[in-house]
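Take a look at the letters that make up each chain.
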Amino acid sequence: MAKLYFRHGTVSSAKTLNLLAVAHNYRSQGKLVVLIKPALDDRFGADVIRSRVGIEQPADMKVLADSHIDRKEFDGVSCILVDEAQFCSAAVIDQLRAISVDLNIPVICYGLRADFRTNLFEGSQRLFELADSIEEVKTTCAFCNRKAITNLKHVGGRATLAGPSVELGAEEKYFPACYACYKEQHAMAGVQQAA
Ligand SMILES: [Zn+2]
């Protein structure tokens, strides 16, 4: 049976670049891969998986929360790669888990661990529950040199805890932050934190 992988990291940790590199390696060996993304993420165009460094590949499949994934799409496929997996529903993650076992195809999911309020996303929670392998894609805090573990949201240059956890507009900006800087940024903005 093939494994289900969850490779999680903060914003700007090069998760998508990592995904595209894995896809390139398989394809350069003449192997088939399928690139999947949740349908709600249309920041860079609906049908493209694009890294912040500018590299992109077309998404082969887009999934909605209630999608039933057609297994015929995976005939002869060596690896399934999922971008922005935090936005997948638990039901979609369950299907990917079953596919890795039943079709013996590794499924590698890349995504955020938690939202800007430090709460798990639905897809991330299910991946922590079900993945064979959980790996951290590391990056440095934008404000110091410690490892980032949170996604700090700024609007108008100030930290905020307001707004929906899934927001793909242009006004807000997200930074990778260690927990100390995450707390400090909210304190400087006068934001009350629950924790
Ligand atoms: Zn820091």
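Because the structure is predicted, anything quoted here is derived from the model rather than measured.

**Observations regarding the overall build of the chain**
- If you tally the helices and strands in the chain, you get 4 helices and 11 strands.
- Over its C-alpha atoms the chain spans a radius of gyration of 17 Å, differing by no more than 12% from the 16 Å that the globule rule assigns to 195 residues.
- Projecting the C-alpha coordinates of the chain onto the three principal axes gives extents of approximately 55 × 30 × 30 Å.
- A total of 195 residues make up the chain; the buried ones form 46% of that total.
- Pairs at least 24 residues apart make up 75% of the contacts formed inside the chain by residues separated by at least 6 positions.
- Of the side chains in the chain, 23 bear a positive and 23 a negative charge, and the two mean positions are spaced by 7 Å.

**Topic: the side chain of Thr16**
- Take Thr16: it is sitting in helix H1 (residues 15–28).
- The class for Thr16 is buried, based on a relative accessible area of 12%.
- Reaching out from Thr16, the side chain makes a polar contact with the side chain of Asp83 at a distance of 2.9 Å.

**Focus: the packing of aromatic side chains**
- Applying the stated criterion across every chain yields a total of 5 aromatic pairs.
- Pairing Phe87 with Phe121 gives two aromatic rings, centres 5.6 Å apart and planes at 85 degrees, and the pair type is edge-to-face. Here Phe121 lies in the loop between strand S7 (107–111) and helix H3 (122–130) and Phe87 lies in the loop between strand S6 (77–82) and helix H2 (90–102), a separation of 34 residues in the sequence.
- Overall, Phe87 belongs to the buried group, its relative accessible area being 15%.
- On the numbers, 6.3 Å between centres and 50 degrees between planes, the contact of Phe116 with Tyr174 is tilted. With Phe116 in the loop between S7 and H3 and Tyr174 in strand S11 (residues 172–177), this residue pair connects regions lying 58 residues apart in the sequence.
- With a relative accessible area of 2%, Phe116 lands in the buried category.
- The class of Tyr174 is partly exposed, set by a relative accessible area of 23%.
- For Arg7, the ring lying beneath its charged end belongs to Tyr5, and the centroid distance is 5.5 Å.
- Here Lys153 stacks its cationic end above the ring of Phe116, 4.4 Å away from the centre of that ring.

**Description of the sheet that holds S11**
- If you walk across this open sheet you meet the 3 strands as S10-S9-S11, and the pairing is antiparallel. Edge strands, defined here as strands with exactly one partner in the open sheet, are strand S10 (158–159) and S11.
- Examined bridge by bridge, strand S9 (residues 150–155) and S10 share 2 bridges and lie antiparallel to one another. Within S10, the residue paired with His154 across the bridge is Ala159.
- Sheet contacts for helix H4 (residues 179–188): S9, S10 and S11; angle to S9, the most-contacted strand, approximately 20 degrees.

**With respect to empty space enclosed by the protein**
- The final tally for this structure, using the stated rule, is 1 cavity of 30 Å³ or more.
- Estimates place the volume of the largest cavity at around 80 Å³.
- His8, Gly9, Thr10, Ala148 and Ile149 are, among the 13 residues lining the largest cavity, the residues nearest its centre.
- Looking at the lining of the largest cavity, its residues break down into 4 nonpolar, 6 polar and 3 charged.

The rules behind each value
- Residues numbered from 1 in each chain as written.
- Predicted model: local features only at pLDDT ≥ 70, side-chain atom pairs only at ≥ 80, totals over all residues.
- Heavy atoms only, no water.
- Helix = DSSP H or I, 4+ residues; strand = E, 2+ residues; numbered from the N terminus.
- Rg over C-alpha atoms; globule rule 2.2 N^0.38 Å.
- Buried < 20%, exposed > 50% of the residue type's maximum accessible area, 1.4 Å probe, protein only.
- Contact = heavy atoms within 4.5 Å.
- Lys, Arg positive; Asp, Glu negative; His and termini not counted.
- Charge placed at Lys NZ, Arg CZ, Asp CG, Glu CD.
- Polar contact = N/O pair within 3.5 Å; in protein donor to acceptor, adjacent residues only side chain to side chain.
- Phe/Tyr/Trp six-rings, centres within 6.5 Å; stacked < 30°, edge-to-face > 60°.
- Lys NZ or Arg CZ within 6 Å of the ring centre and 35° of its normal.
- Pairing = 2+ DSSP bridges.
- Axes fitted to C-alpha atoms, helices over the stretch in contact; angles between N-to-C directions.
- 1 Å grid on protein atoms, 1.4 Å probe; cavity = no way out; pocket = protein on both sides within 12 Å on 5 of 7 lines; lining within 4 Å.
- Points joined across faces, edges and corners; volume = space filled by probe spheres on them.
- Nonpolar A, V, L, I, M, F, W, Y, C, P; charged D, E, K, R; others polar.

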